[in-house]
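Chain residues, written in single-letter form:
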Amino acid sequence: MSLSVSEVIFGTLAIVTVASALAAVESRNLVRAATSLMIMSISLAGLYYLLSAGYLSAFQIAVYVGAVVSLILFTVMLFPPEEPSGKPSDEAAGLLSFALILGALVLMIVNTAWAAAVRPVPIDPVGWASTISRSLLERYTVPLLTLALTLAAALIGALTLAKTERGEGEI
Amino acid sequence: MVPVTYYMFISAALIALGVYGLVSKRNFIRMLISIEIILNAANLNLIALTTYGLYPRVGPPDLSGHVMAMFIIGVAAAEAAVGLALAVSVYRTYRTINVREIRKLRG
């Protein structure tokens, strides 16, 4: 059995993605968790690239690695180190939901004839950038504008929430 | 091409890990990280299914799944900003971000 290059890359990215997601959830240190989230985002971007969605992979890196993870890292620095938390009952509930969801999803995936229905979209070397832009500006104009408004409102709200009055407590 | 089910297995593993973190952890920031993992799992599924053409389609291929994934990434960024601002604000009031100890609005 011989593996092609893209299969090897896929396998590596898959292992890195799942392992770093596990580290993001389980590691004791919040800084390490945020860094694992960054590694997960980068390898997911690689998977998007393998799915020939290069445009989305660039978008993923810009937004997740550039904005979300650095935001989380700077916020983590404002808090004291995480105290060991989690009662055994919490842990048991978490493991139960993990097993239930994973089991149900795997059963669903295995028992459906996906391969018969596959009709790959013709590959475009630039990751369908022009198709996506066209449909953003033609078919999805209103959702795009709503997203812009949502982002603006969310950032203003975040600033308002985190703002300190002069003389009020500092962290 | 790698079978589409492999991508779905990765996505299933990610979403199960995210829900596990959301249920079992009590640190506000850790829960936000879990939510980000869940959103990423949804994105991976959307992109894989669109690229493999597994959606009802009559005319020429349309990439609504990719556009949807872009919207999800944008909304996830907004959610992270608001969530972290909430964490800062909650910590300023209660001196903790353990959600078990924040019980003022709990009956």
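Look above for the structure.
Since the model is a prediction, treat every value here as computed from it, not as a measurement.

## Considering the interface of chain A and chain B
Then step 1. Between chain A and chain B, the residue contacts involve 86 residues of the former and 72 residues of the latter.
Then step 2. Across the chain A/chain B interface, buried area totals approximately 7200 Å², and carbon plus sulfur atoms make up 77% of it.
Then step 3. Considering only the side of chain A, the residues that lose the most area to chain B are A:V25, A:L51 and A:R119, jointly responsible for 10% of the buried surface there.
Then step 4. Put simply, chain A and chain B have three salt bridges between them.
Then step 5. Of the charged contacts in the structure, one is a salt bridge between B:K25 and A:E26, with a shortest N-O distance of 3.3 Å.
Then step 6. Our enumeration of links across chain A and chain B arrives at 16 residue pairs in polar contact (both at pLDDT 80 or more).
Then step 7. Elements supplying a minimum of two residues to the side of chain A that touches chain B: α1 (5-26), α2 (30-50), α3 (54-76), α4 (88-110), α5 (114-117), α6 (129-138) and α7 (141-162) of chain A.
Then step 8. The dominant element in the side of chain A that touches chain B, judged by the number of residues it contributes, is α4(A), at 13 residues.

## Quick look at unusual backbone geometry
Then step 1. Residue A:S52 is not a glycine yet carries a positive backbone phi of 55°.
Then step 2. Overall, A:S52 belongs to the buried group, its relative accessible area being 13%.
Then step 3. A positive phi angle, near 60°, is found at B:R95, a position not held by glycine.
Then step 4. We classify B:R95 as partly exposed; its relative accessible area is 46%.

## What to know about the packing of α7(A) against helix α3 (residues 64-94) of chain B
Then step 1. One way to put it is that α7(A) packs onto α3(B) with a least axis distance of 9 Å and a crossing angle of 15°. For the element pair α7(A) / α3(B), the angle class is roughly parallel. The element α7(A) and its partner α3(B) pack so that their crossing is left-handed. Between α7(A), through A:P143, A:L144, A:L147, A:L151, A:A154, A:L155, A:A158, A:L161 and A:A162, and α3(B), the contact on the second element is made entirely by B:F71, B:G74, B:V75, B:A78, B:A81, B:V82, B:A85, B:L86, B:V88, B:S89 and B:R92.
Then step 2. Taken together, the residues that form the contact of α7(A) with α3(B) break down as 17 nonpolar, two polar and one charged.

## Details of the pattern of salt bridges
Then step 1. Tallied over the full model, the rule gives four salt bridges over all chains.
Then step 2. Note that A:R134 is salt-bridged to A:E138, the shortest N-O span being 3.8 Å. A residue pair is termed a helical-turn pair when its members lie 3 or 4 positions apart in one helix, as A:R134 and A:E138 do in helix α6 at four residues.
Then step 3. The exposed category is assigned to A:E138, whose relative accessible area is 55%.
Then step 4. It is possible to trace a salt-bridge network through shared partners that takes in A:D90, B:R26 and B:R100.

## So, α6(A)
Then step 1. Every buried residue belonging to α6(A) is among A:I132, A:S135 and A:L136, and all of these are buried. For α6(A), the angular spread of the buried residues around the axis is 105°, confining them to a single face. Within α6(A), the exposed residues directed more than 90 degrees away from the buried face are A:R134, A:L137 and A:E138.
Then step 2. Looking at the buried side of α6(A), the elements it contacts are α3 and α7 of chain A together with α3 of chain B.

Rules and cut-offs
Residues numbered from 1 in each chain as written. Chains lettered and ligands numbered in written order. Predicted model: local features only at pLDDT ≥ 70, side-chain atom pairs only at ≥ 80, totals over all residues. Heavy atoms only, no water. Contact = heavy atoms within 4.5 Å. Buried area = accessible area lost by both parts, 1.4 Å probe. Salt bridge = Lys/Arg side-chain N within 4 Å of Asp/Glu carboxyl O. Polar contact = N/O pair within 3.5 Å; in protein donor to acceptor, adjacent residues only side chain to side chain. Helix = DSSP H or I, 4+ residues; strand = E, 2+ residues; numbered from the N terminus. Buried < 20%, exposed > 50% of the residue type's maximum accessible area, 1.4 Å probe, protein only. Axes fitted to C-alpha atoms, helices over the stretch in contact; angles between N-to-C directions. Parallel < 35°, antiparallel > 145°, perpendicular 65-115°, else oblique. Left-handed = near helix turned anticlockwise from the far one by under 90°. Nonpolar A, V, L, I, M, F, W, Y, C, P; charged D, E, K, R; others polar. Arc of directions from axis to C-beta.

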